[in-house]
Amino acid sequence: RFEREARMLAALNHPNIASIFGIERVGDHNFLVMELVDGETLAERIKRGPIPLAEALAYSRQILEALEGAHEKGVIHRDLKPANIKITSDGVVKVLDFGLAKADAEVTPSDLSHSPTITVDHTRSGVILGTAAYMSPEQARGKVDDKRTDIWAFGCVLYEMLTGRLAFPGETVSDTIAAILHHEPDWNLLPAATPPSI
């Protein structure tokens, strides 16, 4: 499955998606050779504070173009979050880790925006895949997901760009999932000048 997904992802040729150049194997380990994207992650940029509306919309357009390009090829990211989005010094957005879930053992429970991606068999109903703070309700319930999962996660990312805060905060992963299933984001945190269409 790794090789099949990697070949499909390598076929994605989009200026806003980090390219995959090859699949390699060393001993029992498979790995991907990916484009090196210089710059900071969107998560690093958000740590400095909310992003002004015009800048956030410029990034958003590129993120959405990447998602649209992938969705047209039948690829769903399933783990869109600021840590998987890079911004080059020229302001070009590159979405990383398309469709490839991975766990990061160095994440602390206090930083749920970087919490591990659950990597159980995501081809079945009844399992959860994604990073808690950006999961759609379908993901949080372990239901089958589709491209709307990425659109939900994009909404969470846009909210975070504009407010500097998670749309669905929680002290634990369980609290975060409960917030997604039962609460709305705090819309009052959006800047006053945010157009209603946003």
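Residues numbered from 1 in each chain as written. Predicted model: local features only at pLDDT ≥ 70, side-chain atom pairs only at ≥ 80, totals over all residues. Heavy atoms only, no water.

K.L.:
Explain the overall build of the protein to me, please; I cannot follow it from the model alone.
P.N.:
Along the protein, the regular secondary structure elements total 6 helices and 5 strands. In the protein, the succession of α and β elements from N to C terminus is α-β-β-β-α-α-β-β-α-α-α. The buried share among the 198 residues of the protein stands at 45%. Summed over its atoms, the accessible surface of the protein is roughly 10,800 Å², and 53% of this surface lies on carbon and sulfur atoms. (Helix = DSSP H or I, 4+ residues; strand = E, 2+ residues; numbered from the N terminus. Buried < 20%, exposed > 50% of the residue type's maximum accessible area, 1.4 Å probe, protein only. Areas by Shrake-Rupley, 256 points an atom, 1.4 Å probe, with all protein chains shown as cover.)

K.L.:
Would you mind going over the packing of helix α3 (residues 53-72) against helix α5 (residues 147-163) with me for this structure?
P.N.:
Each packed pair of helices is defined by two parameters, the angle between the axes and the distance between the axes. For the pair α3 and α5, the least separation of the axes is 10 Å and the interaxial angle reads 165 degrees. Accordingly, the angle class assigned to the pair α3 and α5 is roughly antiparallel. Considering how the two elements wind past one another, α3 and α5 form a crossing that is right-handed. The segment α3 lies against α5, with Leu53, Ala56, Tyr59, Ser60, Ile63, Leu64, Leu67 and His71 engaging Lys147, Asp150, Phe154, Val157, Leu158, Met161 and Leu162. Within the contact of α3 with α5, the residues separate by chemical class into 11 nonpolar, 2 polar and 2 charged. (Axes fitted to C-alpha atoms, helices over the stretch in contact; angles between N-to-C directions. Parallel < 35°, antiparallel > 145°, perpendicular 65-115°, else oblique. Left-handed = near helix turned anticlockwise from the far one by under 90°. Contact = heavy atoms within 4.5 Å. Nonpolar A, V, L, I, M, F, W, Y, C, P; charged D, E, K, R; others polar.)

K.L.:
Sorry, what's going on with the packing of aromatic side chains here?
P.N.:
How two aromatic rings sit relative to each other is given by the distance of their centres and the angle of their planes. On inspection of all chains with the given rule, the structure shows 2 aromatic pairs. Judged by centre distance (5.6 Å) and plane angle (15 degrees), the rings of Trp152 and Phe168 are stacked. In this pair, Trp152 sits in helix α5 while Phe168 sits in the loop between α5 and α6 (173-182), placing the two residues 16 residues apart along the sequence. For Phe168, a relative accessible area of 5% gives the class buried. (Phe/Tyr/Trp six-rings, centres within 6.5 Å; stacked < 30°, edge-to-face > 60°.)

K.L.:
Just checking my understanding: could you explain the side chain of His14 for this structure?
P.N.:
On the secondary structure map, His14 appears in the loop between α1 (2-10) and β1 (20-26). You can call His14 buried: its relative accessible area is 18%. Within the local environment of His14, its side chain forms a polar contact with the backbone oxygen of Glu65, the two atoms lying 3.2 Å apart. Apart from residues lying up to four places away in sequence, His14 is in contact with Glu65, Ala66 and Gly69. (Polar contact = N/O pair within 3.5 Å; in protein donor to acceptor, adjacent residues only side chain to side chain.)

K.L.:
When you look at the pairing of strand β2 (residues 29-34) in this model, what are you seeing that I'm missing?
P.N.:
On any regular strand, side chains alternate: one points to one face of the sheet, the next to the other face. Here β1 runs beside β2; their pairing, made up of 6 bridges, is antiparallel. What sits directly across from Glu24, in β2, is Phe31. Counting the residues that bridge the hairpin from β1 to β2 gives 2 residues, and of these Gly27 lies at a positive phi of roughly 60 degrees. (Pairing = 2+ DSSP bridges.)

K.L.:
Honestly, the sheet that holds strand β5 (residues 93-95) in this entry has me stumped. Any pointers?
P.N.:
In any sheet, the strands associate via hydrogen bonds between backbone groups, in a parallel or an antiparallel arrangement. Ordered by their spatial adjacency, 3 strands build an open sheet running β3-β4-β5, and the pairing between neighbours is antiparallel. A strand with exactly one partner marks an edge of an open sheet, and here the two such strands are β3 (40-41) and β5. Looking at chain direction, strand β4 (residues 85-87) and β5 are connected through 3 bridges and run antiparallel. Among the inter-strand pairings, Lys86 is bridged to a residue of β5, identified as Lys94. Most of the contacts of α3 go to β5, to which it runs at about 35 degrees, and overall it touches β4 and β5.

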